[in-house]
Amino acid sequence: MQRHNIPTAKYKTFTKEQLADGLAFLETLKPPFVLKADGLAAGKGVVIPTELSEAKKELTEMLANEKFGNASAKVVVEEFLNGIELSVFVLTDGKNYKILPAAKDYKRIGDGDTGLNTGGMGAVSPVPFADDEFLKKVETQVIIPTINGLQKENITYKGFIFIGLMNVNNEPYVIEYNVRMGDPETEVVIPRVQNDILELFNAVVTEELNTIQFKIDEQYAATVMLVSGGYPGDYEKGKKITGFEAVSDSLVFHAGTSLKNGEVCTNGGRVMAITSYVKTMYEAVQKSYRSAEKVKYDNMYYRKDIGKDLEKYFKKENA
Ligand code: GLY
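What comes next is a walk through the structure. (Residues numbered from 1 in each chain as written. Predicted model: local features only at pLDDT ≥ 70, side-chain atom pairs only at ≥ 80, totals over all residues. Heavy atoms only, no water.)

1. Re the site of the ligand
- The immediate surroundings of the ligand are formed by D105, K107, G119, F162, R180, G182, D183, P184 and E185.
- At 2.7 Å, a side-chain N or O of D105 approaches a nitrogen atom of the ligand.
- In this structure, D183 approaches the ligand through a main-chain N or O atom, which is 2.9 Å from a nitrogen atom.
- The class makeup of the residues in the shell around the ligand is two nonpolar, two polar and five charged. (Near = heavy atom within 4 Å. Polar contact = N/O pair within 3.5 Å; in protein donor to acceptor, adjacent residues only side chain to side chain. Nonpolar A, V, L, I, M, F, W, Y, C, P; charged D, E, K, R; others polar.)

This is how it looks when you write it as structure tokens:
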């Protein structure tokens, strides 16, 4: 991102020997500060101090006193981005690209974005705070430099690019790239793509994505992820699932399920995603919740507030 001038949070990486430089870099940033142990730290390696003195103490603990062992042998010090997150997806054949519908997913386990991070507890598409003007900025400031950057660096990349973005006062900042689609974003994005997906994939292989007329369904899609009680911590598998055959108004995507002696059972943390798409986001969410209520298994859990944080944008539009 730095090489290709793609907007992202200011950051630098420091080792124990560079502690003094790290402390000096902290002084150039505005609070709060993001300190990330560069290695695996069982999900505990990110600390967000609000005071400079606290940040300096923490960086010293992580680097000099090896707070997270080898995982904090290198620490990334990063600017905190205060905004709202969304995911944008691109399909590229290496030269041409198509921008898929944007989505917002809900990563925390609890209502009101509380509790542990998960792979995603629900998603909606389109995203009301990503209007045409914002998405144009995403295309010019992020997507085009990303595709051109891959070419300049002689990286042949064909497939999906998942761009995790923060909208900070209507300016896009990249927080992550993945070379895949997202889950559960896929469950709201792909239903809105009206083209034959195989036709798109074929055009990626033959490098003719530019010849495809991309058609997007203007309706709202919302998905609710049904999970095993206890997820993302320990949970039991093998619970018999009933009722999903009775869902007729929504799409049911199996994720963590298996067939045992002819019965569909839970076989993972995230069990099923229930997607609906209709004229308004509110209706799409409500329809998915009505369908979710038909599904039953022991210790079933799902968030009850998917899309709720976005209602204010619709109220503004209707005012
Ligand atoms: N839902 C986030 C991801 O797929 O990475």
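2. Some words on the pattern of salt bridges
- Per the counting criterion, the structure on display carries 19 salt bridges.
- When the shortest N-O distance is used, the salt bridge between E66 and K16 registers 3.4 Å. Residue E66 is found in the loop between α2 (52-63) and β4 (74-79), and its partner K16 is found in the loop between β1 (11-15) and α1 (19-28); the two are separated by 50 residues along the sequence.
- Put simply, E207 and K158 hold a salt bridge, and the shortest N to O gap is 2.9 Å. (Salt bridge = Lys/Arg side-chain N within 4 Å of Asp/Glu carboxyl O. Helix = DSSP H or I, 4+ residues; strand = E, 2+ residues; numbered from the N terminus.)

3. Describing the packing of aromatic side chains
- The tally for this structure, following the rule as stated, stands at six aromatic pairs.
- Plain terms: the ring middles of F129 and Y313 are 5.6 Å apart, the flat faces sit at 45 degrees to each other, and that makes the pair tilted. Separated by 184 residues along the polypeptide, F129 in the loop between β10 (122-125) and α3 (132-152) and Y313 in helix α7 (residues 311-318) bring together distant segments of the chain.
- Among the residues examined, Y313 registers a relative accessible area of 17% and is labelled buried.
- For the cation-ring pair, K104 lies above Y106, with the distance from its terminal atom to the ring centre recorded as 4.0 Å.
- The ring of Y302 has K304 sitting right over it, with the charged end atom 4.3 Å from the ring centre. (Phe/Tyr/Trp six-rings, centres within 6.5 Å; stacked < 30°, edge-to-face > 60°. Buried < 20%, exposed > 50% of the residue type's maximum accessible area, 1.4 Å probe, protein only. Lys NZ or Arg CZ within 6 Å of the ring centre and 35° of its normal.)

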